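# Inside the fold
Each chain, letter by letter, is given below.
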Amino acid sequence: MTVGKQQGETTGRTFRRYQDGEAEFDSFQEQIFKAGWSHKCPVYVQRTPACQGQCPAGEDIRGWLDVVRGLDKPPTGVTWQEHAFRRLTRANPFPGVMGYVCPAPCEEGCNRRAVEDFVGINAVEQFVGEAAIKGQYGFKKPEKETGKRVAIIGGGVAGLAAAYQLRLRGHGCTIFESRAELGGMLRYGLPNYRTPPAVVQGEIQRILDMGVEVHTNTRIGVDIKIDDLDRDFDAVFWAIGTQNGRIPNIPGANAPNCVGGIEFLRQFNDGKLPSVPGRIVVIGGGDTSIDVTTVARKLGGFSGIDGEGKPLTYTADMVTSAAAHSGQKVTLTSTLPLDRMRASAREVADARSLEVEILGGLMPLSVTCNAKGVAVGVRFAPCHHGADGHRVRIEGDEIEIPADLVVFAIGQYADMTGLESLDNGRQAISAGPALEVIGRPRHFVGGDVIAPHLLATAIGHAAAAAESIDALLRGETPARRPRIDKRHYDIREGLVENAKPVNGVVTSRTFVHNFENRSTQEVIKADSLFLGHFETTPRIHREERRLADLFARGGERIMPLTEEQAVKEAKRCMSCGLCLECDNCMVFCPQAAVSKVPRDQHAIGYYVTTDYKRCIGCHICQDVCPAGYIQMGLGE
Ligand SMILES: Cc1cc2nc3c(=O)[nH]c(=O)nc-3n(C[C@H](O)[C@H](O)[C@H](O)COP(=O)(O)OP(=O)(O)OC[C@H]3O[C@@H](n4cnc5c(N)ncnc54)[C@H](O)[C@@H]3O)c2cc1C
Ligand code: SF4
Ligand code: SF4
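Conventions used here
Residues numbered from 1 in each chain as written. Chains lettered and ligands numbered in written order. Predicted model: local features only at pLDDT ≥ 70, side-chain atom pairs only at ≥ 80, totals over all residues. Heavy atoms only, no water. Core = buried A, V, L, I, M, F, W, Y, C linked by side-chain atoms within 4.5 Å. Buried < 20%, exposed > 50% of the residue type's maximum accessible area, 1.4 Å probe, protein only. Helix = DSSP H or I, 4+ residues; strand = E, 2+ residues; numbered from the N terminus. Domains from an automatic or database assignment. Contact = heavy atoms within 4.5 Å. Pairing = 2+ DSSP bridges. Near = heavy atom within 4 Å. Nonpolar A, V, L, I, M, F, W, Y, C, P; charged D, E, K, R; others polar. Phe/Tyr/Trp six-rings, centres within 6.5 Å; stacked < 30°, edge-to-face > 60°. Arc of directions from axis to C-beta. Salt bridge = Lys/Arg side-chain N within 4 Å of Asp/Glu carboxyl O. Polar contact = N/O pair within 3.5 Å; in protein donor to acceptor, adjacent residues only side chain to side chain. Areas by Shrake-Rupley, 256 points an atom, 1.4 Å probe, with all protein chains shown as cover. Disulfide = S-S within 2.5 Å. Axes fitted to C-alpha atoms, helices over the stretch in contact; angles between N-to-C directions. pLDDT = per-residue confidence, 0-100.

## Focus on the nonpolar core
Core analysis: the biggest nonpolar cluster contains 75 residues, and F94, V97, I152 and F237 have the highest contact counts within it. Sort the elements by how many residues they give to this core and helix α16 (residues 455–473) lands first, with 10 residues. Of the domains in this structure, domain 1 (28–136 + 488–632) and domain 2 (149–243 + 414–473) are the two that each give at least three residues to this core. The residues touching V97, leaving out its near neighbours within four places in the chain, are C102, L186, T195, V199, V200, E203 and L455. Among the nonpolar cores identified, the runner-up in size contains 39 residues, and V115, A526, L580 and A593 belong to it.

Encoded structure:
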């Protein structure tokens, strides 16, 4: 039980865990501490750190940061970079890709914000991903094949991540992909200048090298029927994403020069969009619409001024391109006001640095077409979003923005041709509590086709669905997913991994008597930590370049940290919810009841142990534990 309040974000940190007067208890339960002894002794309680709680891929972030910072040592003959890579990829086989394009919701959650700033998780992840590409680390093939076969429909990140997780478990996997190449939106949606092709290709190939069968140019529902899959495979995983852009139901929106954002970007990534016309109106406000505007600017001319207002040096190509398209104007409109637009701040800044005009609080009314039915402008009215989230037209003049091309980036839906029996009525597939397709035994689903979100979300679904499929293939009933459905560290695995052979036999404990794992039920927040332990240490920033600069000079948009920087940044992690090995509990225990476990029995999370015969229940160890790993619980 935590008695008292820690000084935190609002009042500034202090080394005091309690305020004056907080030792005066008025409840009976708290009385038991007054005598200086109690029936409660420390229990080591593992909880999900806030970062992992917000990582949609469910990565054991604390675990792989522990490797990078040198707390969790690699086995003999393995570099720490490879050890970190193996720990990270238990959940997510795309660390390099994540390092470039994941918007990192984990960092939003990171408890270190209560000290000074979040841990640069995404930057360290990018370092690990790059090290793996350079080191050519591969995934191991399974030691035993189960003989079971799973059909995976869709070769985007959800399908690929599912293949990876299922191959780890020894199941045969066949990916069916309707397009010529694997990668899904990662290859055909996100503009190709956002992720280095060597990283995308390397991370896909590594999965295929585990022994995954692939059929490209094969559309399930058209080339192969669902019943054929039922006949030939033991289970099916649907990961078909959302390939069609929504077009709004307004007059003129079906003009030939009105397109969906997805289709526009697909053409660009296929190399079929050499140039774009002069005036482009993009309707959206989310990340896809920003990608459309920046691609339009890449293809057209721009002023040659970077984000800091300095002139750019053009390459010969850029000079030609800029000259050819002089007069180009790109306007982005959003129904939300500018300060509430869904696109991330970084993306918006990029669009601005390319002189994209961004207008908020405008709803499209109609597309104005000329006598030939070609769009020449879009009419808008001012609007705001009511309390129920619906947009409402407000007082104010209508405006018309001239356009040679109109791009709608207002949402996506799945192409369910031939798959109508799976359609939930909203051009999507619904998932049950074990990620099963409702009403279709042996079929599972994950990724954008459930609801469009992030790459990391699709990867998280894939890992969870693979666990359900594995259970089914082992003859069990797939269980409802836990409340905190993440790829948690298991202390028992740590104990087994670190076990030393005695007389040639590996014996290892897999049980720790005063330990409890609440990772699937509880996320640990900053107010459960002893923040006074941590020194203020500024975050190390990556070098990021503005798109305008990138287009003119080439290279990468986000530069990885150096090795020294990655280690330093990882050391800022506070190991929320798991032992940090700081020795505080041992040093401060007045009874010398806490001691280190023998080195040959040590594992992350099993570093100290308490002698309950000496413990008087003073709870000092709980108070001084920076990681919030100790809780007064059972005992005597
Ligand atoms: C423009 C854009 C930018 C984005 N930017 C980011 C970003 O920066 N960061 C981020 O985290 N997320 C981003 N996202 C979201 C991210 O791309 C998706 O969440 C992710 O790709 C979903 O993966 P998926 O595997 O579910 O689907 P997809 O990536 O769409 O893959 C589905 C695959 O299934 C194939 N397929 C479809 N139907 C069939 C069929 N019947 N038979 C066989 N194959 C089929 C498709 O061809 C495709 O290859 C972006 C999305 C878009 C559109
Ligand atoms: S995948 Fe995204 S959310 Fe998860 S750890 Fe990486 S950056 Fe954070
Ligand atoms: S301090 Fe470390 S463990 Fe805690 S939330 Fe941040 S990254 Fe995660």
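## Describing the pairing of strand β16 (residues 405–408)
Neither face of β16 is exposed, since L405 and V407 on one face and V406 and F408 on the opposite face are all buried. Where strand β8 (residues 258–260) and β16 come together, three bridges link them in parallel fashion. Within the sheet, the bridge partner assigned to G260 lies in β16 and is F408. Pairing of strand β9 (residues 279–284) with β16 involves four bridges; the strand directions are parallel. Paired with I280 across the two strands is L405, which belongs to β16.

## Here's the deal with the site of ligand 3
Around ligand 3, the neighbouring residues are P49, C51, L65, C110, N111, I121, C573, M574, S575 and C576. Looking at the shell around ligand 3 residue by residue, the classes come out as eight nonpolar, two polar and no charged.

## Let's talk about the packing of aromatic side chains
Scanning the model with the defined rule gives eight aromatic pairs in all. Arranged with centres 5.8 Å apart and planes meeting at 15°, the rings of W80 and F127 form a pair that is stacked. Of the two residues, W80 sits in helix α4 (residues 80–88) while F127 sits in helix α7 (residues 121–135), which places them 47 residues apart along the sequence. Here W80 matches F127 in class, with each residue buried. Taken together, a centroid distance of 4.8 Å and an interplanar angle of 75° make the contact between Y193 and F551 edge-to-face.

## Brief notes about helix α19 (residues 563–570)
Because the α-helix completes a turn every 3.6 residues, residues three or four places apart line up on one side. Turning to α19, its buried residues are A566, V567, E569 and A570. Along the long axis of α19, the arc covered by the buried residues comes to 165°, so they all point the same way. Of the exposed residues in α19, the ones pointing more than 90 degrees away from its buried face are E564 and K568.

## As for the pattern of salt bridges
Following the criterion strictly, the structure yields 43 salt bridges and no others. Of the charged contacts in the structure, one is a salt bridge between E347 and R194, with a shortest N-O distance of 3.7 Å. Here E347 is found in helix α15 (residues 345–353), whereas its partner R194 is found in the loop between α9 (185–188) and α10 (197–208), with 153 residues between them in sequence. Of the two residues, E347 and R194, neither departs from the other in class, the shared state being buried. Where salt bridges share partners, they join R194, D291, E347, D350, R546 and R557 into one cluster.

## Quick look at the environment of C106
When you line up the elements, C106 lands in helix α6 (residues 105–109). Each C-alpha atom of the pair C106 and E59 lies 9.5 Å from the other, and the pair is 47 residues apart in sequence.

## Side note on the environment of P626
Along the chain, P626 turns up in the loop between α21 (620–624) and β27 (630–632). Classification of P626 as buried rests on a relative accessible area of 1%. Residues P626 and C585 lie 41 residues apart in sequence; the distance between their C-alpha atoms is 9.6 Å. Those residues in contact with P626 that sit more than four places away from it in its chain are L529, F530, H533, F534, L580, C582 and N584.

## Concerning the site of ligand 1
For ligand 1, the set of nearby residues contains 36 residues, the closest of which are V101, E177, M185, R194 and D448. Between ligand 1 and the protein, one listed contact pairs a nitrogen atom with a backbone N or O atom of I220 at 3.0 Å. Contact between ligand 1 and L455: an oxygen atom at 3.0 Å from a main-chain N or O atom of the residue. Here ligand 1 has 1000 Å² of accessible area as a free molecule, and 97% of this is covered by the chains. Put simply, the parts of the chain that give the shell around ligand 1 at least two residues each are α8 (157–168), α12 (261–269), α13 (287–299) and α16. Here the shell around ligand 1 is composed, by residue class, of 17 nonpolar, 13 polar and six charged.

## Focus on the state of the cysteines
Counted under the stated rule, the structure contains zero disulfides. Just so you know, C589 is unpaired, no disulfide at all, and the nearest cysteine sulfur is the one on C618, 6.0 Å from it.

## Things to note about the sheet that holds strand β1 (residues 42–46)
Spatial ordering of the open sheet is given by β21-β1-β27, a layout of three strands whose pairing is mixed. Each edge of the sheet is formed by a strand with only one pairing partner; in this case those strands are β21 (515–517) and β27. Along the sheet, successive strands turn relative to each other by an average axial angle of 35°, direction set aside. Looking at chain direction, β1 and β21 are connected through three bridges and run parallel. Residue Y44 lies in a different strand from β21, and its bridge partner there is F515.

## Observations concerning the side chain of T610
Counting through the fold element by element, T610 comes out in strand β26 (residues 608–610). For T610, a relative accessible area of 5% corresponds to the buried category. There is a polar contact of 2.7 Å between the side chain of T610 and the side chain of Y44.

## Looking at the sheet that holds strand β11 (residues 357–359)
Ordered in space as β8-β16-β9-β10-β11, the five strands form an open sheet in which the pairing is parallel. Only two strands of the sheet have a single neighbouring strand rather than two, namely β8 and β11. Going from strand to strand, the sheet's axes swing by 20° on average, the running direction of each strand aside. Contacts between α12 and the sheet are confined to β8 and β16, with β8 contributing the most and set at about 80° to the helix. Against the sheet, α13 contacts β9, β10 (329–334) and β16, and its axis sits at roughly 175° relative to β10.

## Focus: unusual backbone geometry
With a phi close to 55°, A104 is a non-glycine residue in the positive phi region. Take A104: it is sitting in the loop between α5 (95–101) and α6. Judged by its relative accessible area of 4%, A104 falls in the buried class. The phi dihedral of E355 is positive, around 60°, even though this residue is not glycine. Tracing the backbone shows E355 in the loop between α15 and β11.

## Overview of the confidence of the model for the chain
This prediction gives the chain a mean pLDDT of 89; 88% of its residues lie at or above 70. Long-range and interchain partners of residues 1–11, a stretch whose pLDDT sits below 50, account for 31 contacts in this model, where long-range means more than four residues apart. In this model, residues 311–320 is a region of pLDDT below 50 whose contacts with residues beyond four sequence positions or in other chains number 21 contacts.

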